[in-house]
Amino acid sequence: MPYLQLTLPSSESDQPRYERALDDVGALAVSLQDAHLDAADEQAIFEPGVGELPLWDEMTLTALFPADTDALLLLAALEAFDPGLDWSKVRFESIADQDWERAWLDTFQPMRFGARTWIVPWNHELPDDAQADDAAIVRLDPGLAFGSGTHPTTALCLRWLDGLSACGELQGKTVLDFGCGSGILALAALKLGAARAVGVDNDPQAIIATADNAQRNGVAIDTFLPADEPAATYPVVVANILASALDALAETLAARTACGGRIAMSGILAGQEDELLQRYAPWFDDLRVEREDDWMRIEGVRNAVAA
C-alpha cells in the first residue's frame, strides 16, 4: 500500500519535540538521517539506541502516515500540538510501499534492561548472557512494535519493573499497563514474575499488537479499550504515555492504584516533571524522578489519605 510521507529539517535540540508531535498525531514510523549526507551515503536510523542521541547537529526527519491522510489537517494538528516549533518547512509526498517491517528487523537487536530483562526480536538467537536460568525474555515482533524498548521512556519503565522484581515486589502481583502499545511492559512484568497483566490502550491496533505479542511469548494479557476497562485497583501500575495524558488521567491512574501500590509513569520530557509531581502529590508518597537523556520517569507509592 502507498503512504503519505512527511519530511522536515530539525536541529538536534528540537528533534525530541518534533518526534513527540509526530508520534502524537499517529505517525506509523519515524526515521532520522544526517541532513548533510549525500543521497548516495544516506544511512537512516529508525530510533536512537538506549542511552544514545542522534549524532548530527542538523538532521532530516521522515514520518509515514496512511495514504488517505489529509495533509492540511495533519499539519494543523502538528501546529496545534506544539506551536513553538517551525512547521513551515514540512514537505509531503506520496510514496510506494516498502518493507518497513524488514527494516525494523534489520536494525532491532537484543537489549538488556536491569539485571534480568531482555527484549529480543522474535526471530533472533538469544545472546549468551540471555541464556541464564533466571533471564526474563520478551520476544517482540518489531513490525507490530508501538514501542520496542529502544526509546528511553520504555527503557526507564523496563528497568523499574526489573528493579521491582529484584526486590520481590512483583512476584504474584497483578500489573496494569496503561497505554500498553505493543504490550512490552505487561509482557516484561509477566516474565519477571507477575501473576497477571492487564493492558489498556485507546488504539485498537495496539490491542491487536499486544495480543499478538502475548501469544508469541506464550502468555495471556487481558486487554481493554478505556471504555471497556473494568473498575479495579492494582498493586503495580505503569503508564508510558505523554505528559499531557498523564496530567489528564491523574485521577484515573490514582483510582487504579491500590493503597500501598506502586506506580511508574514515563513519556515525560525534562522540564515537565515538576508540574506532574505536584499533580500526583495528593495521591502518592515517596515521589521520585529518574532521567535518561531528555526523558523522565516518575514513580511513587499510593497513599491512603486520598483513597
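Refer to the structure printed above.
Residues numbered from 1 in each chain as written. Predicted model: local features only at pLDDT ≥ 70, side-chain atom pairs only at ≥ 80, totals over all residues. Heavy atoms only, no water.

A.B. asks: Help me out: how do you make sense of the overall build of the chain in this one?
C.D. replies: Looking only at helices and strands, the chain has nine helices and 14 strands in total. Counting all 307 residues of the chain, 49% fall into the buried class. Considering only residue pairs separated by 6 or more positions, the chain has 67% of its internal contacts joining residues 24 or more positions apart. A total accessible area of about 14,100 Å² is found for the chain, and carbon and sulfur atoms account for 49% of it. (Helix = DSSP H or I, 4+ residues; strand = E, 2+ residues; numbered from the N terminus. Buried < 20%, exposed > 50% of the residue type's maximum accessible area, 1.4 Å probe, protein only. Contact = heavy atoms within 4.5 Å. Areas by Shrake-Rupley, 256 points an atom, 1.4 Å probe, with all protein chains shown as cover.)

A.B. asks: What is the right way to read the pattern of salt bridges from this model?
C.D. replies: Oppositely charged side chains may form a pair once their charged atoms are brought near each other. Evaluated as defined, the whole model comprises ten salt bridges. Between Arg279 and Asp247 there is a salt bridge, with the nearest N and O atoms lying 3.3 Å from each other. Placement of the pair is Arg279 in helix H9 (residues 273-280) and Asp247 in helix H7 (residues 243-248), with a sequence separation of 32 residues. Through salt bridges with shared partners, one network takes in Arg288, Arg297 and Glu299. (Salt bridge = Lys/Arg side-chain N within 4 Å of Asp/Glu carboxyl O.)

A.B. asks: Sorry, what's going on with helix H6 (residues 204-216) here?
C.D. replies: Since the α-helix advances by 3.6 residues per turn, residues separated by three or four positions end up pointing in the same direction. Given a rise of 1.5 Å per residue, 13 residues ought to cover 18 Å, and the 19 Å separating the end C-alpha atoms of H6 matches this to within 8%. Along H6, the residues that are buried comprise Ala206, Ile207, Ala209, Thr210, Asn213 and Ala214. Looking straight down H6, one finds that the buried residues subtend no more than 165 degrees of arc, so they occupy a single side. Next to the buried residues of H6 lie strand E7 (136-140), helix H5 (184-191) and strand E10 (222-224). Within two residues after H6, Gly218 carries a phi angle of roughly 70 degrees, on the positive side. (Expected span 1.5 Å × (residues − 1). Arc of directions from axis to C-beta.)

A.B. asks: What am I meant to see in the sheet that holds strand E5 (residues 111-113) here?
C.D. replies: Think of a sheet as strands paired side by side through backbone hydrogen bonds, with each pair either parallel or antiparallel. Spatial strand order, E5-E6-E7: three strands in an open sheet with mixed pairing. The strands lining the two open edges of the sheet, one partner per strand, are E5 and E7. The mean inter-strand angle of the sheet, taken between neighbouring strand axes irrespective of direction, is 25 degrees. Judged from the three bridges that link them, E5 and strand E6 (residues 117-121) form a sheet pairing that is antiparallel. When the bridges of E6 are listed, Phe113 appears paired with Thr117. Relative to E5, helix H4 (residues 152-166) is tilted by about 55 degrees, and along the sheet it contacts E5 and E6. (Pairing = 2+ DSSP bridges. Axes fitted to C-alpha atoms, helices over the stretch in contact; angles between N-to-C directions.)

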